[in-house]
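Report on the structure
Here is what each chain is made of, one letter per residue.
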Amino acid sequence: MDFQKENISRHNFEQCTKCTICTTVCPVTPINTRYPGPKQAGPDGERYRLKNPEFFDEALKYCLNCKRCEVACPSDVRIGDLILAARLSYSAHKPSLRDTMLAETDIMGSIATLAAPVVNTSLALKPVKYIMERTLHIDSHRQFPKYASTKFETWYRRNAEAGQKKYSRYVSYFHGCYVNYNYPALGKALIGLYNAAGIGVRMLERERCCGVAKIANGLVKEATRDAEINLTSIRKAAEDGSEAVVATSSTCCFTMRDEYEHVLGLDNSDVRRSITLATAYLSRLVERGEVKLVFRKDYRRRIAYHTPCHMERMGFGSYSVELLRSIPGVELTVLGPNCCGIAGTYGFKQENYATSQAIGSKLFAEIEREQPDFVATDCETCKWQIEMSTGAKVLNPIEVLFEALDVEATRRANNLTD
């Protein structure tokens, strides 16, 4: 597919007024002088590329696809989409073995969970890290998230599935690769929180990776295949009566809502509004008075909240913040608008590691100044980056809400009986 010709009007580069606001907010431009910046890489470069593809600059690979340029653009130009589409259309770089391994999260996760203790131990060993750096060019400083021995899907079928049928109101949960293979505890927290509020949590009929890693690494055909599977399941869930499809990952949510259409060219207009973040769905119910949350009187925490870039692009940042502020014993600090720098698989690559860490340095310094009990964020890769770079504990807001919840009091407040 020629992504540029397919998406010219959709990405509306002709609306660019050359104000360069996008360049001033770009986290890469001041760090990496090889990157031309979003205005030149996006709208300006597009005018040349449409005349002659030889004007494509491989330096566009340094773009994080954080979408901060799009948030800032006063003309609503989809600058990040322009850059990504150009990379997918014109780059001579083909996905390497490393790129494929990082992008094929379902395959790698399924294998790793079969021998999680061995895999986790091996990935932390310096000789293994050295070998991966020399052969795969995965930076030896990067820490990998640990894998779980039991997948979330397996736990759900054994322990939670039957109990969800008693709730008249229910959502479908897009758990994503991280919850399924690395951190089932987050999925368990979502079910505990929603169930206490009288909301059932069901699984999609079939789920694949949201596709963000495949898109970023040029595996477009595979990303499109997975996206079509997910959209089919989402449509089936809507037909069956699910009120929404919720995700605990801001990037999974963003990819399904926006990248499926703007980058992969898939029509998701019939279900886009039903795909939302778990905190956004819950916050709206609480605001309308349809759900009540009662928190423990002894819960006291100092929390610093980091807004993920893709969450900012969706305009969902306020939902998690307001829910965290509703916990009486929480002292909440909203951290400044700084990118953490990891950008999914970007920060794992040897050639990007220094840039990744430099981009995140302002955020790391702010966290260290605040010295919170822990950091909260809705993005799992932001969690990995912050934990590795600051030593701070990081939780998803859903985990915090469930940790602070008085479950029995909440059930009574929502008129639930056994």
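These remarks concern the structure in this document. (Residues numbered from 1 in each chain as written. Predicted model: local features only at pLDDT ≥ 70, side-chain atom pairs only at ≥ 80, totals over all residues. Heavy atoms only, no water.)

**Thoughts on the overall build of the protein chain**
Each helix and strand counted, the protein chain has 22 helices and eight strands in total. Whereas a compact globule of 418 residues would reach a radius of gyration of roughly 22 Å, the protein chain reaches 21 Å, a difference of no more than 12%. In terms of overall dimensions, the protein chain has C-alpha extents of about 65 × 50 × 40 Å along its principal axes. The buried share of the protein chain, taken over its 418 residues, is 58%. Taking all contacts inside the protein chain whose residues are at least 6 apart in sequence as the whole, residues at least 24 apart take part in 78%. For the protein chain, the accessible area works out to roughly 18200 Å², and carbon and sulfur atoms hold 51% of it. (Helix = DSSP H or I, 4+ residues; strand = E, 2+ residues; numbered from the N terminus. Rg over C-alpha atoms; globule rule 2.2 N^0.38 Å. Buried < 20%, exposed > 50% of the residue type's maximum accessible area, 1.4 Å probe, protein only. Contact = heavy atoms within 4.5 Å. Areas by Shrake-Rupley, 256 points an atom, 1.4 Å probe, with all protein chains shown as cover.)

**Points about the sheet that holds strand β5 (residues 301-305)**
Strand order in the open sheet made by the four strands is β6-β5-β7-β8, with parallel pairing throughout. At either margin of the open sheet sits one strand with a lone partner, and together these are β6 (330-334) and β8 (394-395). (Pairing = 2+ DSSP bridges.)

**Overview of helix α21 (residues 397-404)**
Burial runs high along α21: six of the eight residues are buried. Turning to α21, its buried residues number three or more, namely Pro 397, Ile 398, Glu 399, Val 400, Leu 401 and Ala 404. Looking at the packing, one finds that the buried side of α21 touches α12 (184-196), α16 (278-287), β5, α18 (317-325), β7 (374-376) and β8. Where α21 starts, the residue carrying a side-chain oxygen 2.9 Å from the main-chain nitrogen of Ile 398 turns out to be Asn 396. (Polar contact = N/O pair within 3.5 Å; in protein donor to acceptor, adjacent residues only side chain to side chain.)

**Brief notes about the packing of helix α19 (residues 353-370) against helix α20 (residues 380-390)**
Relative orientation of the contacting elements α19 and α20 amounts to 75 degrees, with a least axis distance of 10 Å. Considering their axes alone, α19 and α20 lie roughly perpendicular with respect to each other. Where α19 abuts α20, its residues Tyr 353, Ser 356, Gln 357, Leu 363, Phe 364, Ile 367 and Glu 368 lie against Gln 385, Ile 386, Met 388, Ser 389 and Thr 390. Of the residues contributing to the contact of α19 with α20, the split by class is six nonpolar, five polar and one charged. (Axes fitted to C-alpha atoms, helices over the stretch in contact; angles between N-to-C directions. Parallel < 35°, antiparallel > 145°, perpendicular 65-115°, else oblique. Nonpolar A, V, L, I, M, F, W, Y, C, P; charged D, E, K, R; others polar.)

**Some words on the packing of α16 against α18**
Taken N-terminus to C-terminus, the directions of α16 and α18 make an angle of 60 degrees; their axes are 8 Å apart at the nearest point. Of the possible angle classes, the one that applies to α16 and α18 is oblique. Between α16 and α18 lies a crossing of left-handed hand. Facing α16, whose interface residues are Thr 279, Ala 280, Leu 282, Ser 283, Arg 284 and Val 286, α18 presents Tyr 319, Ser 320 and Leu 323. Residues of the contact of α16 with α18, tallied by class, amount to five nonpolar, three polar and one charged. (Left-handed = near helix turned anticlockwise from the far one by under 90°.)

**Some thoughts on the side chain of Asn 268**
Counting through the fold element by element, Asn 268 comes out in the loop between α15 (250-262) and β4 (275-277). Owing to a relative accessible area of 0%, Asn 268 belongs among the buried residues under this scheme. Polar side-chain contacts of Asn 268 include one of 2.8 Å to the backbone oxygen of Met 256. Sequence-distant contacts of Asn 268, that is, excluding residues within four places in its chain, are made with Leu 231, Arg 235, Met 256, Arg 257, Tyr 260 and Glu 261.

**A few points about the environment of Thr 33**
Topologically, Thr 33 is positioned in the loop between α2 (21-25) and α3 (38-51). Note on Thr 33: relative accessible area 76%, which makes it exposed. Each C-alpha atom of the pair Thr 33 and Ala 59 lies 9.8 Å from the other, and the pair is 26 residues apart in sequence.

**Some words on the environment of Asp 258**
Looking at the secondary structure, you find Asp 258 in helix α15. Considering only alpha carbons, one finds Asp 258 and Asn 268, 10 residues apart in sequence, at a separation of 8.7 Å. Beyond its immediate stretch of four places on either side in the chain, Asp 258 contacts Val 263, Arg 272 and Met 314.

Interpretation in functional terms is not warranted from these geometric data alone.
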